[in-house]
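As a plain string of letters, each chain reads:
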Amino acid sequence: MRLAGPLRIVALVITVGLTWIIVSILLGGPGSGFPRIQQLFTKPRARKYKCGLPQPCPEEHLAFRMVSGAANVIGPKICLEDKMLMSSVKDNVGRGLNIALIPPSLPLDSGVSGELIEARAFDMWAGDVNDLLKFIRPLHEGTLVFVASYDDPATKMNEETRKLFGELGSRNAKELAFRDSWVFVGAKGVQNKSPFEQHVKNSKHTNKYEGWPEALVMEGCIPRRSTAS
């Protein structure tokens, strides 16, 4: 019976020691907070790649993400290779068509692909369509053209404008109308229609906003082009 006391003390010491070891493992050591416990109960965040894409682009491709304007309140966004080319924050978007031009020859090893030639907004409600025509007529072969609508993309469009966008690879420019939502990526000199295009008609039966359809989001990977291709 005299051994009962010492055995209890030994058992208590062992229990305290094991508890301390387990707690130390979970806490990750002194002064480290609770990272390991948090890992047990926190769902890991999905990794995001360039422009927030869920998957990386293959080699010799450019990552992009575009969002058309929402009604006449939230401006559009155009992102390329983690560079925000156009957005309300950059204060370079406006009502109508927002267009960013990327050069045809892009270096594969410089780490700075996706350099911007020029970005401009063209008011297609009260502006002069000739400003837009002067912008897209003289494009060099292979130039990438990113287009995102905001509010009204089409009121001032004429036949030549629609034809030029068609030559850049658009299927929907010919039917674009008042307050439609439109995002498009094309290129000067393409032989086929672009796979990178979305279009939603302005319809009171399907509009998400009063008088405007939903904003469009388009993302993907564009093959790099060169002047030799």
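Our structure's up above, just so we're on the same page.
What you see is a predicted model, and the numbers here were worked out from it, not measured in a lab.

Cut-off values and rules
- Residues numbered from 1 in each chain as written.
- Predicted model: local features only at pLDDT ≥ 70, side-chain atom pairs only at ≥ 80, totals over all residues.
- Heavy atoms only, no water.
- Disulfide = S-S within 2.5 Å.
- Helix = DSSP H or I, 4+ residues; strand = E, 2+ residues; numbered from the N terminus.
- Buried < 20%, exposed > 50% of the residue type's maximum accessible area, 1.4 Å probe, protein only.

## As for the state of the cysteines
Then, in step 1: In the structure shown here, the tally under the stated rule is two disulfides.
Then, in step 2: A sulfur-sulfur separation of 2.1 Å characterises the disulfide bridge that pairs Cys 51 with Cys 79. Negative torsions about the S-S bond denote left-handed disulfides, and the value of about -85 degrees found for Cys 51 with Cys 79 makes this one left-handed. Within this pair, whereas Cys 51 is found in the loop between helix H2 (35–41) and strand S1 (61–67), its partner Cys 79 is found in strand S2 (residues 77–80), the two being separated by 28 residues in sequence.
Then, in step 3: In this structure Cys 51 comes out as buried when scored by relative accessible area, which is 9%.
Then, in step 4: On the basis of relative accessibility, which here comes to 8%, the residue Cys 79 falls in the buried class.
Then, in step 5: A sulfur-sulfur separation of 2.1 Å characterises the disulfide bridge that pairs Cys 57 with Cys 221. Residues Cys 57 and Cys 221 are joined by a disulfide whose S-S torsion is about -85 degrees; by sign, that bridge is left-handed. Pair noted here: Cys 57 is in the loop between H2 and S1 and Cys 221 is in strand S9 (residues 217–223), with a separation of 164 residues, a long-range link.
Then, in step 6: In this structure Cys 221 comes out as partly exposed when scored by relative accessible area, which is 23%.
Then, in step 7: For the chain, the bonded cysteines connect in the pattern 1-3, 2-4 when numbered consecutively along the sequence.

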